[in-house]
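# Examination of the molecular architecture
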Amino acid sequence: TKCESGCVCADGLYENLDGRCVPAEECPCEYGGLSYGKGEHIQTECEICTCRKGKWKCAQKSRCSSTCNLYGEGHITTFDGQRFVFDGNCEYILAMDGCNVNRPLSSFKIVTENVICGKSGVTCSRSISIYLGNLTFVLRDETFSISGENLQVRYNVKKNALHLMFDIIIPGKYNMTLVWNKHMNFFIKISRETQETICGLCGNYNGNMKDDFETRSKYVASNELEFVNSWKENPLCGDVYFVVDPCSKNPYRKAWAEKTCSIINSQVFSACHNKVNRMPYYEACVRDSCGCDIGGDCECMCDAIAVYAMACLDKGICIDWRTPEFCRKF
């Protein structure tokens, strides 16, 4: 309605982040508060998106994978993104196929054994067993063992200072990458070539978070503890009736836990804050740091921070957060 002084771009040109006027083809795209130039890519589990004329053009990947995380003192994020926490001193089925009640025929089963690791009753995943027909991997005490054989399965084991990684191929069915940090964190990444149903504490991997609490009897549990109890490997184990709040049991540890875990909210991880919601990871870190009260408390805290760092890495953000004084690598 009135004339204002200032600079404008000529018709057909647009101002970019540097203040220059450019044609539409040169316009940047934005994602998570960051700017991407023409032709740059971002990737999710199922899509590859390319920046064109200031907008994202996305294409479905030929193979879609998803990851289930078991970390710290009973924290789980399912294949479909549901989060929950449980405390149970037993063996539980994390993931398996052949979930048909009438005709169960499983080509893989992954079991976690939980043990008490704090006076307040919290549990930690200490042992993982992977069953592939007659081939078995057991991950325990910072190492692993392999027994039996299955000529239908191909696998490769890689190791570095922090992790053991298992690439497993079940031809015509699944490509799996299993990553274990030799302590409490375990990641299952699955790409499947079949519509075979998956079940266990990692959920049913059908793209719907709302029905992830499907029990062994194929109904959706009313709460997470009913769901967890249904996936006990040994039915003689006791049921879990409540979830411990270790910071209430150990209030003297809460201030230390909040202070040390605050690195997740700090500038160190600022490049990742817009890409991965940090609050669930911070809260899990505080809970675990309060709960690990029989030695290894710093190890519990470092493991919890490492989970957020790995989530950032999955989004293409590499954070160099370890130092010789804080959660050193060796």
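Quantities reported herein were computed from a predicted structural model and do not represent experimental measurements.

Next up on the list: the domain arrangement of the protein. Domain annotation for the protein reports domain 1 (13-60), domain 2 (65-230) and domain 3 (246-315). Computed from C-alpha atoms alone, the centre-to-centre distance between domain 2 and domain 3 is 23 Å. If you look at the interface, domain 2 gives 20 residues, while domain 3 gives 17 residues. Of the roughly 1700 Å² buried at the junction of domain 2 and domain 3 (both faces included), carbon and sulfur atoms supply 56%. Here domain 2 and domain 3 share zero salt bridges between them. Summed over the shared surface of domain 2 and domain 3, the number is four residue pairs in polar contact (both at pLDDT 80 or more). Of the residues assigned to the side of domain 2 that touches domain 3, the class counts are seven nonpolar, eight polar and five charged.

Packing of helix α3 (residues 254-261) against helix α5 (residues 279-291) brings their axes to within 8 Å, and their N-to-C directions diverge by 140°. Considering their axes alone, α3 and α5 lie oblique with respect to each other. With respect to the hand of their crossing, α3 and α5 are arranged in right-handed fashion. On α5, the residues that touch Lys 254, Trp 256, Ala 257, Glu 258 and Cys 261 of α3 are Tyr 282, Cys 285, Val 286, Ser 289 and Cys 290. Residue classes in the contact of α3 with α5 are distributed as seven nonpolar, one polar and two charged.

Okay, α5 next. Helix length check: α5 (13 residues) gives 18 Å between terminal C-alpha atoms against 18 Å at 1.5 Å per residue, within 8%. Counting buried positions along α5 yields 10 of 13 residues, so the element is predominantly enclosed. Burial in α5 covers these residues: Tyr 281, Tyr 282, Ala 284, Cys 285, Val 286, Arg 287, Asp 288, Ser 289, Cys 290 and Gly 291.

Here the focus is the state of the cysteines. One pass over the structure, following the stated rule, counts 10 disulfides. Across the disulfide, Cys 261 is cross-linked to Cys 285 (sulfur-sulfur distance 2.0 Å). Looking along the S-S bond of the Cys 261-Cys 285 disulfide, the torsion reads about -80°, which is the left-handed sense. Of the two residues, Cys 261 is situated in helix α3 and Cys 285 in helix α5; the sequence distance between them amounts to 24 residues. Put simply, Cys 272 and Cys 312 are joined by a disulfide, and their sulfur atoms are 2.0 Å apart. Taking the torsion about the sulfur-sulfur bond, which here is approximately -100°, the covalent link between Cys 272 and Cys 312 counts as left-handed.

So, on to the nonpolar core. With 47 residues, the main nonpolar core has Leu 94, Phe 108, Leu 132, Ile 168, Phe 186, Ile 188 and Leu 201 as its most contacted residues. If you tally residues by element for this core, the top one is strand β11 (residues 91-97), at five residues. If near-sequence neighbours (up to four positions away) are discounted, Ile 168 is found in contact with Ile 130, Leu 132, Phe 137, Val 153, Arg 154, Tyr 155, Tyr 174, Asn 175, Met 176 and Leu 178. Core analysis: the next-biggest nonpolar cluster, separate from the first, contains 33 residues, Ile 264, Phe 269, Val 286 and Tyr 308 among them.

Calculation criteria
Along each chain, numbering runs from 1 in the same order as the chain's sequence is written. Restriction of local features to residues with pLDDT of at least 70 applies here, the model being predicted, together with a cutoff of 80 or more for giving and counting side-chain atom pairs; totals for whole chains, interfaces and linings are based on all residues. Here the side-chain values reflect all heavy atoms present in the structure, with hydrogen atoms and water set aside. An automatic or database domain assignment provides the domain bounds reported here. Between two residues, a contact is recorded if the distance between any of their heavy atoms is within 4.5 Å. Note on terms: buried area is the combined drop in 1.4 Å-probe accessible area of two parts once they are placed together, counting the loss on both. Whenever a carboxyl oxygen of Asp or Glu lies within 4 Å of a side-chain nitrogen of Lys or Arg, that contact is scored as a salt bridge. Between N or O atoms, a polar contact is any pair within 3.5 Å; within protein, one atom must be a potential hydrogen donor and the other a potential acceptor, and residues adjacent in sequence are included only when both atoms are from side chains. Polar here means any residue other than Ala, Val, Leu, Ile, Met, Phe, Trp, Tyr, Cys and Pro, which are nonpolar, and Asp, Glu, Lys and Arg, which are charged; Gly is therefore polar. Only the stretch in contact is used when a helix axis is fitted, and all axes are lines through C-alpha atoms; the angle between N-to-C directions ranges over 0 to 180 degrees. Helix and strand definitions follow DSSP, with helices as H or I runs of at least four residues and strands as E runs of at least two, each counted in order from the N terminus. Roughly parallel means an angle under 35 degrees; roughly antiparallel means over 145; roughly perpendicular covers 65 to 115; every other angle is labelled oblique. If you view the pair so one helix is near and one far, a crossing is left-handed when the near helix is turned anticlockwise from the far one by less than a right angle, and right-handed when it is turned clockwise. For a helix, the expected span equals 1.5 Å multiplied by the residue count minus one. In this scheme, a residue with accessible area under 20% of its type's maximum is buried, one over 50% is exposed, and one in between is partly exposed, where area comes from a 1.4 Å probe on protein chains only. Note that a disulfide, as used here, is simply two cysteine sulfur atoms within 2.5 Å. The nonpolar core is taken to be a set of buried Ala, Val, Leu, Ile, Met, Phe, Trp, Tyr and Cys residues, with the residues joined through side-chain atoms within 4.5 Å.

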